[in-house]
Amino acid sequence: MFVVGCLFAVLVVGWLSLVTQPTALASTAWWPVAGIAVGLGIRFPRRHVWAPAAAVAAITLPLLLWAGRPAALATALAFAVALEMVIATLILRGRHDRLPSLSEPRDLGRLLVAVGSAAIVYDVVGAGATYLLADSTEAWIRFVTSAPKHAAGMLLLVPLFMHLPRRPRPAGPVETVAQVVTTLGLVTFVFAFNPGMPLSFLPFMPLVWVAIRLTTRELILLMLAIAVIASAGSAYGTGPFAFNLLAPEVGNLVLQVFELSMVVVFLSLSLAVGHERTTARRLNESEELFRRIFETSVAGMLIATRAATGWKVLRANESAVAIIPGLADASAELTDLLGEEATAALSAEADALTEGNARLTLTTGTERILNVSISPISVDGDSRTLALQFYDITEAMRARRLEQEELERAAEVQRALLPGTLPPTPGWTSGAASVPARQVGGDFYDIRVQVPHVVLSLGDVMGKGMGAGMLAAATRAALRATDPELSPSAAVSHMAGVVDHDLQRTSAFITLTYVLVDLVTGDFRVADAGHGLHFVVRTGSGLVERTASSDMPVGLDSGWGEKRGALQPGDAILLVSDGVMDLWGGSVEGLSDAVAQCARKHGTSPQALVDALCARANGDLDRDDVTAVVLRREPVDVAAR
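Small disclaimer: the values here were computed from a predicted structure and weren't measured.

Visitor: How should I be thinking about the side chain of Ser-270 in this particular structure?
Guide: Along the chain, the position of Ser-270 falls in helix α10 (residues 248-296). Residue Ser-270 is classed as buried on the basis of its relative accessible area, which comes to 4%. When near neighbours in sequence (up to four residues on either side) are disregarded, Ser-270 contacts Arg-167, Ala-211, Thr-215, Thr-216 and Leu-219.

Visitor: Help me understand the environment of Asn-371, please; the structure alone is not making it clear to me.
Guide: By secondary structure assignment, the location of Asn-371 is in strand β4 (residues 369-380). When the C-alpha atoms of Asn-371 and Phe-390 are compared, they prove to be 5.3 Å apart, with 19 residues separating the residues in sequence.

Visitor: Looking at this structure, I do not really get the nonpolar core. What am I missing?
Guide: Nonpolar side chains in soluble globular proteins tend to be buried together. One finds Leu-111, Met-154, Val-158, Leu-207, Met-223 and Met-262 to be the most contacted residues of the largest nonpolar core, which totals 78 residues. At 11 residues, the largest contribution of residues to this core is made by helix α4 (residues 71-93). Not counting chain neighbours up to four residues away, the residues in contact with Val-158 comprise Gly-35, Val-38, Gly-39, Ile-42, Leu-92 and Leu-111. Counting residues in each nonpolar core, the second largest holds 26 residues, with Val-537, Val-580, Leu-609 and Cys-614 among its members.

Visitor: Is there a simple way to think about the environment of Thr-394 in this case?
Guide: Of note, Thr-394 is situated in helix α14 (residues 394-417). Look at Thr-394 and you get buried, because its relative accessible area is 1%. Expressed as a C-alpha distance, the spacing of Thr-394 and Ile-369, which sit 25 residues apart in the sequence, is 4.8 Å. Not counting chain neighbours up to four residues away, the residues in contact with Thr-394 comprise Glu-367, Arg-368 and Ile-369.

Visitor: Where do I start with the pattern of salt bridges in this structure?
Guide: Two side chains carrying opposite charge are able to pair once their charged atoms lie near each other. Scanning all chains against the criterion turns up 14 salt bridges. When the shortest N-O distance is used, the salt bridge between Arg-538 and Glu-545 registers 3.2 Å. Residue classification places Arg-538 among the buried positions, given a relative accessible area of 16%. Of the residues examined, Glu-545 reaches a relative accessible area of 36% and is grouped as partly exposed. For the salt bridge of Arg-632 with Glu-634, the shortest nitrogen-to-oxygen distance reads 2.8 Å. By the burial criterion, Arg-632 is buried, and Glu-634 matches it.

Visitor: Explain a nonpolar patch on the surface here, please?
Guide: Among the surface-exposed residues, Trp-15, Leu-16, Val-19 and Trp-66 lie close enough to one another that they form a single nonpolar patch of about 410 Å² accessible area. The biggest single contributor to the nonpolar patch is helix α1 (residues 2-19), with three residues. In this fold, Leu-16 is placed in helix α1. With relative accessibility at 39%, the residue Leu-16 sits in the partly exposed group.

Visitor: I keep staring at the packing of helix α6 (residues 136-161) against helix α9 (residues 216-235) and nothing clicks. Help me out?
Guide: The angle between the axes and the distance between the axes are what describe a pair of packed helices. For the pair α6 and α9, the least separation of the axes is 10 Å and the interaxial angle reads 150°. By the criterion of interaxial angle, the relationship of α6 to α9 is roughly antiparallel. Our pair here, α6 against α9, has a crossing hand that is left-handed. The segment α6 lies against α9, with Leu-156, Leu-157, Pro-159 and Leu-160 engaging Arg-217, Ile-220, Leu-221, Met-223, Leu-224 and Ala-227. Split into classes, the residues belonging to the contact of α6 with α9 amount to nine nonpolar, no polar and one charged.

Visitor: Looking at this structure, how should I read the packing of aromatic side chains?
Guide: To describe a pair of aromatic rings, you give the distance between the ring centres and the angle between the ring planes. In total, this model carries four aromatic pairs according to the counting rule given. Ring centres of Phe-204 and Phe-258 lie 5.6 Å apart, and the angle between their planes is 25°; this geometry places the pair in the stacked category. Linking Phe-204 in helix α8 (residues 204-213) with Phe-258 in helix α10, this pair joins segments that are 54 residues apart in sequence. Overall, Phe-204 belongs to the partly exposed group, its relative accessible area being 24%. Sitting over the face of the ring of Phe-2, Arg-43 holds its NZ or CZ atom 5.7 Å from the ring centroid.

Reading guide: rules and limits
- The residue count restarts for each chain, going from 1 along the sequence in the order it is written.
- Only residues with pLDDT of at least 70 are given local features in this predicted model, and only at 80 or more are side-chain atom pairs given and counted; all residues enter the totals for whole chains, interfaces and linings.
- Only heavy atoms go into the side-chain values, all of them from the structure, while hydrogens and water stay out.
- Only DSSP runs of H or I reaching four residues or more are called helices, and only runs of E reaching two or more are called strands; each is numbered from the N terminus.
- Throughout this description, buried means an accessible area under 20% of the type-specific maximum (1.4 Å probe, protein chains only), exposed means over 50%, and partly exposed covers the range between.
- Any two residues whose heavy atoms approach within 4.5 Å are treated as being in contact.
- In this description, a nonpolar core means a group of buried Ala, Val, Leu, Ile, Met, Phe, Trp, Tyr and Cys residues linked to one another through side-chain atoms lying within 4.5 Å.
- By definition, a salt bridge exists where a carboxyl oxygen of Asp or Glu is found within 4 Å of a side-chain nitrogen of Lys or Arg.
- Candidates for patches are residues over 30% relative accessible area with no salt bridge; among them, like charges are joined within 9 Å and nonpolar side chains (Val, Leu, Ile, Met, Phe, Trp, Tyr) within 5 Å.
- Per-residue accessibility takes into account occlusion by the displayed protein chains alone, with areas from the Shrake-Rupley method and a 1.4 Å probe.
- Lines fitted to C-alpha atoms define the axes, with helix axes restricted to the stretch in contact, and inter-axis angles between N-to-C directions lie between 0 and 180 degrees.
- If an angle is under 35 degrees, it is roughly parallel; if it is over 145, roughly antiparallel; if it lies from 65 to 115, roughly perpendicular; otherwise it is oblique.
- Crossing handedness follows the turn of the near helix against the far one: under a right angle anticlockwise gives a left-handed crossing, and clockwise gives a right-handed one.
- Residue classes follow a fixed rule: Ala, Val, Leu, Ile, Met, Phe, Trp, Tyr, Cys and Pro count as nonpolar, while Asp, Glu, Lys and Arg count as charged, and any other residue, Gly among them, counts as polar.
- Planes of paired rings set the category: under 30 degrees apart is stacked, over 60 is edge-to-face and the rest tilted, where pairs are Phe, Tyr or Trp rings (Trp by its six-membered ring) whose centres lie within 6.5 Å.
- A ring is scored as having a charge over it whenever the NZ atom of a lysine or the CZ atom of an arginine sits within 6 Å of its centre and within 35 degrees of its normal.

Structure (structure tokens):
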């Protein structure tokens, strides 16, 4: 789909460039097709780049013929487009043949080399073909204008296809909107309402702000919008580069130089600022890690000499003695205290150290893990005096390993709680969202389709964390083991019989809503085990219905009744956990109002509905697990399509 989308974009953008070509120009004002083509090419291994290049040439050829280019010239230009794409792709993918990255200023240098080389090759081939197959005047115009417009098209679009680092955006939503509005407003004034005053420098002022505060991708998109506005204004006779004020070819050339300068300057600034922020963040992370290790460990200091005969401890502080008790004995050998393997590693690091300091991690003969820093003090012949500072990080390393194991187990449980991909169900759509309070939570949901029925369930195990997650996984597995054709009350009773012993042992309980929906008629039956947070959203009346239940949760009682209802075309049934209710004020009334509000905005998209209900969870650290699942019966005309 990506390849088809790019080729379709080549067709549409190329056609638009030719349709909007000013009559005063012998060729188009700009050619963003070059950027799309190279962007497509860098996503392919080098040995396969000929395939997209041939496809781009095949699309470009009929466009050029339609624009009135002679057949021979159109063929030559289409070949030049493919050659340009191949050259830029080969340079950008490099010797390692991988997707190019744009994270540092040196990456921009490679991009400029690739763009410049490809544009020059196209310029030479295109101008030469025009000279041989058309006339010398048109060839000269093409020679002067082709390279800048192709280079501008590539510089504006190729970065969007490259790997851009994920960096935090310092600007908040309000500042972001202000930056975009200010920049585009100023650009629109300069290039759409300015009767030719030399104000092309004005857009650079807010772009400095944008390059510093927004991400590189957002900057590129904004510069692309600026290029579109500037090109349109110049073509229609407004702005400092208006084609009717300057000679058409001169105006076009100056416009492309403006766009190239804008991209190079502000992309360089954005990359430099981003690289500086990344470096600062990494330094802060390293400093924070060192602080944590220092706070959770006992530091030791000793002065020792390293000679050919071995190590001699000259002085040790109390912390060092507390970590390595044998240091209190002045005659003790370091090899006996640390072990031969640790001493050998320490000696090798000390012998290789000439200046500065070195760090290494040692495991002593008593299985203690030490983080050691070595700094040279003086050299006296074959003997060197060194300062050793070390921290006992044994417990920290063990805690880190235990934490990692817990995270891995939590991830496995979390994956087990997620339902698989649902088969296509004509006339019905669904959506779900789940945000655990910790690595894993006690909420679970499931959607099972077995025509002509679908089972919708959502439960909440008392508590949070690993224990609740394990019980949630067991409960969901027990529900999945039931026959989807069973009535909701029978299915809940069967599940309760399976997990009741575990619930009694752990003094836990589960609230659960279980819904069985007939896919043909829209009729549904509900068993509610103390949950009470299921809603029916009526599209026709705009009402949100909630049916309360007096039945107890699983683990506190047995036997659950059923309630019945029907979903009309356009209606949806929604199940949420109490964590969603907490996000909307903690009351059923507040939650009902929120459901109605979100349904009015996103009622036609189940996934958008649950995402809107759960959106606040991302900014709330002190919350419960948040889960929502919805099943919607599509209107008749939508289902028919």
